Amino acid sequence: MNPWRALAVLCVTNFLILVDTTIVNTAAPSIMTSLGAGVGQIVWILNGYLLAFASLLIVFGRVGDLLGPRNVFAAGLAVFTGASLLCALSADPGLLIAARVVQGVGAAALVPQALALISAIFPADRRGLALGVFTAVAGVASVGGPTFGGLLVTRYGWQSVFLINLPVGLAALPLALRLIPDLRPPRPQRVTAVPGLFRHRDFTLAVAITAITSFSLYGLLLVYVIDTQTVLGMTPLMSGVTALPMTLALTALAPLSGKLADRVGGRVPLAAGLTLYALGVLALAVQSTYPIPLAVIGTGMGLAFAPATIEGLRAIPPHLAGVASGTLNTARQLGGALGAFTIGALDAAKPALGLVAALIGAGVVLALFMSAREAAPPPGPRTPRTPAAPPPTGAAAP
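Residues numbered from 1 in each chain as written. Predicted model: local features only at pLDDT ≥ 70, side-chain atom pairs only at ≥ 80, totals over all residues. Heavy atoms only, no water.

## Things to note about helix H3 (residues 39-67)
This is how it is decided: Put simply, DSSP H or I for four residues or longer makes a helix, DSSP E for two residues or longer makes a strand, and each gets a number counted from the N terminus. Take the number of residues in a helix, subtract one, and multiply by 1.5 Å to get its expected span. Note on bend: at a given residue it equals the angle between the axes fitted to the 7 residues ending there and to the 7 starting there.
Counted at 1.5 Å a residue, the expected span for H3 with its 29 residues is 42 Å, and the 40 Å between its end C-alpha atoms agrees. When the local axis directions of H3 are compared, the greatest deviation, roughly 50°, occurs at Leu57. The positive-phi residue at the C-terminal boundary of H3 is Gly68, with phi of around 105°.

## Quick notes on helix H12 (residues 267-286)
Test applied: Exposure classes here rest on a 1.4 Å probe applied to the protein chains alone. A residue is buried below 20% of its type maximum, exposed above 50%, and partly exposed in between.
Here H12 contains 20 residues, and its C-alpha end-to-end distance of 29 Å stays within 8% of the 28 Å for a straight helix at 1.5 Å per residue. Of the residues making up H12, those classed as buried are Pro269, Leu270, Ala271, Gly273, Leu274, Tyr277, Ala278, Gly280, Val281, Leu284 and Ala285.

## Focus on the side chain of Asn329
To keep things clear, this is the line we draw: Think of a polar contact as two N or O atoms within 3.5 Å of one another; within protein, one of them needs to be a possible hydrogen donor and the other a possible acceptor, and neighboring residues in sequence only count if both atoms come from side chains. The contact criterion used is simple: two residues touch if any of their non-hydrogen atoms lie within 4.5 Å.
Assignment of secondary structure puts Asn329 in helix H14 (residues 321-346). Residue class for Asn329 comes out buried when judged on its relative accessible area of 8%. Within polar-contact distance, the side chain of Asn329 engages the side chain of Arg332 at 2.9 Å. Ignoring any residue separated from it by four or fewer positions in sequence, one finds Asn329 in contact with Leu57, Val111, Pro112 and Leu115.

## Some remarks on the packing of H3 against helix H5 (residues 93-121)
Which entries qualify depends on this criterion: Whenever a helix is involved, its axis is fitted only over the stretch in contact; in every case the axis is a line through C-alpha atoms, and angles between N-to-C directions fall within 0 to 180 degrees. An angle below 35 degrees is read as roughly parallel, one above 145 as roughly antiparallel, one from 65 to 115 as roughly perpendicular, and any other as oblique. Whether a crossing is left-handed or right-handed is set by the direction in which the near helix is turned from the far one by less than a right angle, anticlockwise for left-handed and clockwise for right-handed. In the scheme used here, Gly and all other residues not listed as nonpolar or charged are polar, with Ala, Val, Leu, Ile, Met, Phe, Trp, Tyr, Cys and Pro taken as nonpolar and Asp, Glu, Lys and Arg as charged.
At a minimum axis separation of 6 Å, H3 and H5 run at an interaxial angle of 30°. When the axes of H3 and H5 are compared, the pair comes out roughly parallel. The two elements H3 and H5 meet at a crossing, and its hand is right-handed. Class assignment of the residues belonging to the contact of H3 with H5 gives a composition of 19 nonpolar, seven polar and one charged.

Set out below in structure tokens:
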């Protein structure tokens with residue numbers, strides 16, 4: 001079994017899932033014109049997928065722990081691919097909403113299994129690099145959806161944002177069954193509830209940091225899109241091209257940060273990355289030029305994203321890897337939704353970016369507490385020790 005081939009399948013499918021959280025936004029005006037959809041229906045077309053996706057992540061993470069992550073992954077991929085076809089064929093807003101909900105169910109079944117599988121199939125000394133590659137692909141999907149969607153809608157119409165999933169999904173399904181091992185973690189004698197995960201301090205901190213970084217990323221992207229397209233008058237495509245420094249920096253550094261976390265632990269690159277992320281956001285708030293601040297932001301994200309996941313999952317037992325992954329992904333989705341809502345409500349770029357930077361600063365503080373080990377035992381009364389008797393003549397010293 002070649003774990004890197006399995007990782008390639010996981011990365012490609014995760015890219016599709018994350019792109020679908022943002023790519024449909026670009027197609028919204030065309031859908032309204034083509035299907036006669038109102039604003040309320042468009043909101044459900046966009047959010048029906050996200051609601052089904054976010055609400056079922058933990059459930060399907062646990063199902064993967066019980067039935068095997070590869071089997072649930074393949075089933076989720078099949079549902080997602082079939083629902084994508086139904087979305088493209090929808091001739092009525094109601095049908096498109098229903099198909100999007102089904103698509104979200106498939107995504108929820110698929111996504112939690114990826115981190116569980118990576119944790120299982122890669123040895124500890126290569127797990128960080130693998131998670132770094134996975135994170136780089138996820139980062140490109142998160143920030144590149146609008147640009148990719150703009151290209152597809154302009155050339156091929158709104159249906160293309162769903163049809164693009166078909167060839168990839170149909171090719172990935174047999175490869176998943178062939179290249180991903182059918183792992184069955186041993187079941188514990190009693191079922192552990194999700195709150196049991198939070199007894200692990202690093203996992204709890206990783207969930208909080210994941211929510212904070214997702215809040216800040218989606219809030220930042222909203223400010224960026226509004227500023228470049230509304231204030232500066234850029235087209236959606238040009239707005240996406242302008243964000244390339246952030247995308248390229250994230251893509252280049254995420255695998256390296258994962259490899260670094262394998263060697264020195266995740267706390268240092270995580271704290272350093274979040275610090276750069278916050279500084280980049282502050283720089284963006286005080287000047288009108290984008291390339292350098294965006295490159296700094298991408299560098300920070302590239303350094304921070306993979307170590308947060310690595311440290312969060314390090315102490316989680318294998319039979320809970322799926323539900324832990326689902327919990328992390330739920331924090332990511334809820335944090336992103338809350339970030340978009342909060343930043344959108346502020347309706348002012350500089351205060352919004354200030355809030356984003358402040359939250360990332362809180363993430364730095366949490367990162368510094370992650371995986372910290374005391375150098376000496378805690379103070380307390382010491383019990384006198386009786387000196388050991390010398391070994392008898394001729395005996396080997398311990």
